[in-house]
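Analysis of the macromolecular model
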Amino acid sequence: MQTVAPAVPPLLIGVPRETAPGEKRVATVPEVVAKLVKLGFAVAVESGAGDAANFADDTYRAAGAEVVPDAMQLWSRADVVLKVRPPTPQEAQMLREGATLIGFIWPAQNPELMQQLATRRATVLAIDSLPRQLSRAQKMDALTSMAGISGYRAVIEAANAFGRFFNGQVTAAGKIPPARVFIAGAGVAGLSAIGTAANLGAIVRANDTRAEVADQVVSLGGEFVKVDYEEEGSGGGGYAKVMSEGFQQAQRDMYAREAKDADIIITTALIPGKPAPKLITAEMVRSMKPGSVIVDMAAEQGGNCELTEPGQAVVKHGVTIVGYTDLVSRLAKQASTLYSNNLLRVTEELCKAKDGRLDVNMDDDAIRGLTVVKEGSITWPPPPPKIPAAKPKAAAAPVVASKGGHGHGASEPMSARSLAIVFGVGALLFLLVGLYAPASFLSHFTVFVLACFVGYMVVWNVTPSLHTPLMSVTNAISSIIAIGALVQVAPPLTGSGGADRPNQVILGLAVFALALTAVNMFGGFAVTRRMLAMFRK
């Protein structure tokens, strides 16, 4: 008699309620719970975990999750725990031995927590350690998701503290100038703030140590302010690096000028593993106009402004300085939705078989970067990910020497002697044509030569005014065809009684060419308008 092996129960994913002060996000929303169940997992959610983000317990039950009444029961049962903030020492102690924890950990800033998790023989995936330079990791990039939300919310907080409209207006009661916003740092959060402020009608100026973001600033409606000092500021993982003292002094001078003119300053500068750089000094704050606003998005790491008080909004020297450390939580529902989608993508990478089991593949660069503790062994920091090498540039074509030994390359202009020979041969050919060709041929040949010259000049000197140069060239060619067809279709100028009219075959071809050209030209413009409309609001 054959025995049937008992079915292996699916892993239980637990979602506890966040205990950090002011934290309103939840690691998983009901929509994602249903997708986790389809992957083969069982899901348990602590009662009240989603209340602050407007996700009631009943919505989790309807999605297929079990609602657990207390934290101890959830932590002790869960095989996998999904969290937002790093666990407290008490939560880490409740984690079941051998379980997997996924969430923000910040291993460099929390060495004691890392040791405590290792003693629990846990496997820990830190979402903040994702190698962001990998293109396939973008779907799991919670740092980018949260930074975009915080940049948007920073502008909303600035508008709340500011005493005027953002956009300029002319009313019967008077003229209102637009607000002038300066944004220090054009990373993900900074770019989000630039787009939001520009959409509200403000005049936006921004600076960043990375010169390559200038085009992104302009595309979002801002103006890039360059520091008068040449130094590249790109660091690893999408962050900026620490700049030289010379650059920092030039940057401070530029910030001092911008502070005097700005109504609102939003600072976003952070360097991984280091305190936030001080960009706005107390003297700069004193130079700002009364009623101005500073939103310091780096307040949690000490702040970019010398007068920032983390977690508080204070007024100093007539300037409101907002140092909130929970900007993302102030949009808790949206932030929870995006964050839970990021964790879902991580889970999908760990459970490619969709069988409710996890496979932490350390040969996968993205998973290796995320994994900071593997079954009780600390594996952080990870080795650098294997980025595919850039394709080498094609070698320059060798210079072919001329027979005369002068070393002229093939791309150099023709010599005067060769040019004279070419023109001489051409003139001789034209002379022979003029002497021996019939008169009727000469008139057509002259028109042919002029048409070639004019056609070349018209087509290749067209300025691309549409979405592609190809569209401009094809419309230029179509225009030439249309003109030729109209000449054939139009009645003759002579009074020859129709003797100069083309025969019916040529007339039919001309009408057919004119119809096709019209369809091509008007159709091309119609398609172009529809394509451009896709990028308009």
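Residues numbered from 1 in each chain as written. Predicted model: local features only at pLDDT ≥ 70, side-chain atom pairs only at ≥ 80, totals over all residues. Heavy atoms only, no water.

1. Side note on the overall build of the chain
Our working definition: Counting from the N terminus, the helices are the DSSP runs of H or I reaching at least four residues and the strands are the DSSP runs of E reaching at least two. When a residue's accessible area, from a 1.4 Å probe over protein chains only, is under 20% of the maximum for its type it is buried; when over 50% it is exposed; and in between it is partly exposed. The criterion used for residue contact is that any of the two residues' heavy atoms lie within 4.5 Å.
Helix and strand counts for the chain stand at 16 helices and 17 strands. In the chain, buried positions account for 39% of the 537 residues. Within the chain, contacts between residues at least 6 apart in sequence are counted, and of these 60% link residues at least 24 apart.

2. Some points on unusual backbone geometry
Note that the residue after Trp380, namely Pro381, is joined by a cis bond; omega there is 0°. In this structure, Asn54 is a non-glycine residue whose phi angle is positive, near 65°. Of note, Asn54 is situated in the loop between strand 2 (42-46) and helix 2 (57-63). A residue is classified by how much of its surface remains accessible, and Asn54, at 59% relative accessible area, is exposed. Its identity as a non-glycine residue notwithstanding, His317 has a phi of 55°, on the positive side. Locating His317 in the fold gives a position in the loop between strand 14 (313-316) and strand 15 (319-322). With relative accessibility at 45%, the residue His317 sits in the partly exposed group.

3. Describing the packing of aromatic side chains
Cut-off, in case you're wondering: Under the pairing criterion, centres of Phe, Tyr and Trp rings, with the six-membered ring standing for Trp, must be within 6.5 Å; the plane angle then separates stacked pairs below 30 degrees from edge-to-face pairs above 60, leaving the rest tilted. When the NZ atom of lysine or the CZ atom of arginine is within 6 Å of a ring's centre and also within 35 degrees of its normal, the charge is said to sit over that ring.
On inspection of all chains with the given rule, the structure shows four aromatic pairs. Both rings, one in Phe162 and one in Phe166, keep their centres 6.2 Å apart while their planes meet at 85°; by these two values the pair is edge-to-face. When sorted by exposure, Phe162 lands in the same class as Phe166, which is buried. Ring geometry for Phe182 versus Tyr255: centroids 5.5 Å apart, planes at 70°, classification edge-to-face. Note that Phe182 is positioned in strand 9 (residues 180-184) and Tyr255 in helix 9 (residues 245-261), a separation of 73 residues in sequence. Like Tyr255, Phe182 is buried. Linked through ring pairs, Phe104, Trp106 and Tyr339 together constitute an aromatic cluster. If you follow Arg330 out to its NZ or CZ, it ends over the ring of Tyr324, 3.8 Å from the centre.

4. Points about empty space enclosed by the protein
Rules: A pocket here means an open set of points on a 1 Å grid, computed over the protein atoms alone, that has protein on both sides within 12 Å along at least five of seven lines. A cavity is instead a set of points where a 1.4 Å probe fits but cannot get out; residues with an atom within 4 Å of a point line either one. Grid points are joined across faces, edges and corners, and a volume is the space filled by probe spheres set on the points. Polar here means any residue outside two lists: the nonpolar Ala, Val, Leu, Ile, Met, Phe, Trp, Tyr, Cys and Pro, and the charged Asp, Glu, Lys and Arg; Gly therefore counts as polar.
One pass over the full model with this rule turns up one cavity of 30 Å³ or more. There is about 40 Å³ of room inside the largest cavity. Contributing elements (two or more residues each) for the lining of the largest cavity: strand 9, strand 10 (203-207) and helix 9. When residues in the lining of the largest cavity are grouped by element, the largest group, three residues, is from strand 9. Of the residues assigned to the lining of the largest cavity, the class counts are four nonpolar, no polar and four charged.

5. Side note on the sheet that holds strand 5 (residues 100-103)
Which entries qualify depends on this criterion: When DSSP finds at least two bridges between two strands, those strands are taken to pair.
The sheet built from eight strands is open, its strands ordered 3-2-1-4-5-6-16-17 with mixed pairing. At either margin of the open sheet sits one strand with a lone partner, and together these are strand 3 (66-68) and strand 17 (377-378). As paired elements, strand 1 (residues 12-15) and strand 4 (residues 80-82) share two bridges and run parallel to each other. Paired with Ile13 across the two strands is Val80, which belongs to strand 4.

6. A word on a nonpolar patch on the surface
Stated formally: A residue counts toward a patch only above 30% relative accessible area and without a salt bridge, and it is joined to like-charged neighbours within 9 Å or, for Val, Leu, Ile, Met, Phe, Trp and Tyr, to nonpolar neighbours within 5 Å. Here the open area of atoms and residues is found with the Shrake-Rupley method and a 1.4 Å probe, where only the protein chains shown may cover a residue. In the sections that follow, a salt bridge refers to a side-chain nitrogen of Lys or Arg positioned within 4 Å of a carboxyl oxygen of Asp or Glu.
A cluster of nonpolar side chains, namely Ile421, Val425, Leu428, Leu429, Leu431, Leu432, Leu435 and Tyr436, defines an oily patch on the protein surface of about 850 Å² accessible area. Following the sequence through the fold, Leu435 ends up in helix 13 (residues 416-436).

7. Here's the deal with helix 9
Stated precisely, the cut-off is as follows: In this scheme, a helix's expected span is set at 1.5 Å multiplied by one less than its residue total.
Between the first and last C-alpha of helix 9 there are 25 Å, a value that for 17 residues agrees with the 24 Å anticipated at 1.5 Å per step. Phe247, Ala250, Gln251, Met254, Tyr255, Glu258 and Ala259 are the residues of helix 9 that are buried. Buried residues along helix 9 sit in contact with strand 9, strand 10, strand 12 (264-267) and helix 10 (282-287).

8. Observations concerning the confidence of the model for the chain
Keep this limit in mind: Confidence of the predictor at the level of single residues is captured by pLDDT, which takes values from 0 to 100.
Model confidence for the chain is summarised by a mean pLDDT of 85, while 83% of its residues fall at 70 or above. Considering only residues more than four positions removed or in separate chains, one finds that residues 399-411, a stretch of pLDDT under 50, has nine contacts.

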